[in-house]
Amino acid sequence: MPRAPALFISHGAPTFALEPGLLGPRLTDIGERLANAMAIVVVSPHWQTGGIRVTGAATPGTIHDFGGFPPPLYALTYPSLGSPGLACETASLLIDAGFVAIVDPERGYDHGAWVPLRYLRPDADIPVIQVSMPHNLDTAGALRLGKALAPLREQGVVVVGSGSLTHNLYEVRRAGENAAYASDFAAWSRRAVLERNTDALLDYRRLAPSAIRAHPTEEHYLPLLVAAGAAGNDTPTAIDGGITYGVLSMDSYAWGL
């Protein structure tokens, strides 16, 4: 079984499910290369818990964890199978790595998982489990979480960190030019990722331009560290996603493709 890739995907706003923009078709192109994957494991900031929980349902539901969006968005589902056995194995790996982890037999997929998966594997034909983020996760913990998930790749399991390369919802705009600070922060992150400068990524809030403005809270940046931790020494590839709503960088990354 060839080693599966690790991915960081910017899922942007929930409307990404209806507005593919630049990133949607690029995720679909990547997804076509995942046809032989055994499963997909997704870490999303929209499920934060005390300790870590792993979805253990055989058929997880689709959670519409947002409000005030167009009605068609609430009709979308992602009916992939879960994998109770993989959920148990994943929880064991996390426990071995020093995390507190349990299997949640009822939880479904939040939009941080199912929205990008609708592009990555639109037929929902690969089993998916989701891993929560601890409330107290920091950059070092996110990297360690990714490293704990890395052995799954040897079994053909794709590891996905789903977040947003920039995420300042206070400044979302419907029209006008893209914010320069969002572009600058995305460019800095790209250099750090492609140069494999993990130390810089860990200390991004001090080193990156406008880091606090790009991420008033950091839960949407941490999945990048999860993916980088799962990537090991694999070569990163940048996936251009552009910027939506003036401030949400959709740039994403792949390792091991």
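Below or above, wherever it landed, is the structure these notes cover.

**As for the overall build of the protein chain**
- The secondary structure content of the protein chain amounts to 10 helices and 10 strands.
- For the protein chain, the C-alpha radius of gyration of 17 Å lies close to 18 Å, the compact-globule estimate for 257 residues.
- Dimensions along the principal axes, computed over C-alpha positions, put the protein chain at roughly 50 × 45 × 35 Å.
- When burial is assessed residue by residue, the protein chain has 55% of its 257 residues classed as buried.
- Summing over all exposed atoms, the protein chain offers an accessible surface of approximately 10400 Å²; the carbon and sulfur share of this is 52%.
- Side-chain charges in the protein chain split into 18 positive and 24 negative, and the spacing between the mean points of these groups amounts to 3 Å.

**Side note on the pattern of salt bridges**
- Using the criterion set out here, one finds 10 salt bridges in the structure.
- One salt bridge in this structure joins arginine 3 and glutamate 154, with 3.5 Å as the shortest N-O distance. Of this pair, arginine 3 sits in the segment before strand E1 (6-10) while glutamate 154 sits in the loop between helix H5 (139-149) and strand E6 (157-163); the two residues are 151 residues apart in sequence, bridging distant segments of the chain.
- Assessed through its relative accessible area of 43%, arginine 3 is described here as partly exposed.

**Remarks on helix H1 (residues 23-31)**
- For H1, the full list of buried residues reads Leu23, Gly24, Leu27, Ile30 and Gly31. Seen from one end, H1 has its buried residues packed into an arc of 120°, which puts them on one side.
- On the buried face of H1, the contacting elements are E1, helix H4 (111-120), strand E7 (236-239) and strand E10 (252-255).

**Considerations on unusual backbone geometry**
- A positive phi angle, close to 50°, is found at alanine 124, a residue other than glycine.
- Checked against the element boundaries, alanine 124 lands in the loop between H4 and strand E5 (128-134).
- Overall, alanine 124 belongs to the buried group, its relative accessible area being 12%.
- Even without glycine at this site, arginine 196 takes up a positive phi of about 55°.
- Examined against the element boundaries, arginine 196 turns out to sit in the loop between helix H6 (180-194) and helix H7 (198-202).
- For arginine 196, a relative accessible area of 45% puts it in the partly exposed group.

**Focus: the pairing of strand E2 (residues 39-49)**
- A large share of E2 lies buried, amounting to nine of its 11 residues.
- Where E2 and E6 come together, five bridges link them in parallel fashion. Within E6, the position partnered with isoleucine 40 by the bridge is valine 158.

**What to know about the pairing of E1**
- With five of five residues buried, E1 lies mostly within the body of the structure.
- Taking every second residue as pointing to the same face, both faces of E1 are buried, with Ala6, Phe8 and Ser10 on one and Leu7 and Ile9 on the other.
- Bridge count between E1 and E6: five bridges; the pairing is parallel. Residue pairing for E6: phenylalanine 8 is matched across the bridge by glycine 161.
- Bridge count between E1 and E10: three bridges; the pairing is antiparallel. By the bridge assignment, alanine 6 is partnered in E10 with tryptophan 255.

**Some details on the side chain of histidine 220**
- Here histidine 220 lies in the loop between helix H9 (211-214) and helix H10 (222-231).
- Exposure remark for histidine 220: the relative accessible area of 2% places this residue in the buried category.
- At 3.2 Å, the side chain of histidine 220 forms a polar contact with the side chain of glutamate 219.
- Excluding its chain neighbours within four sequence positions, the residues that come into contact with histidine 220 are Phe8, His11, Pro45, His46, Gly163, Ser164, His167 and His215.

Definitions and cut-offs
- Residues numbered from 1 in each chain as written.
- Predicted model: local features only at pLDDT ≥ 70, side-chain atom pairs only at ≥ 80, totals over all residues.
- Heavy atoms only, no water.
- Helix = DSSP H or I, 4+ residues; strand = E, 2+ residues; numbered from the N terminus.
- Rg over C-alpha atoms; globule rule 2.2 N^0.38 Å.
- Buried < 20%, exposed > 50% of the residue type's maximum accessible area, 1.4 Å probe, protein only.
- Areas by Shrake-Rupley, 256 points an atom, 1.4 Å probe, with all protein chains shown as cover.
- Lys, Arg positive; Asp, Glu negative; His and termini not counted.
- Charge placed at Lys NZ, Arg CZ, Asp CG, Glu CD.
- Salt bridge = Lys/Arg side-chain N within 4 Å of Asp/Glu carboxyl O.
- Arc of directions from axis to C-beta.
- Contact = heavy atoms within 4.5 Å.
- Pairing = 2+ DSSP bridges.
- Polar contact = N/O pair within 3.5 Å; in protein donor to acceptor, adjacent residues only side chain to side chain.

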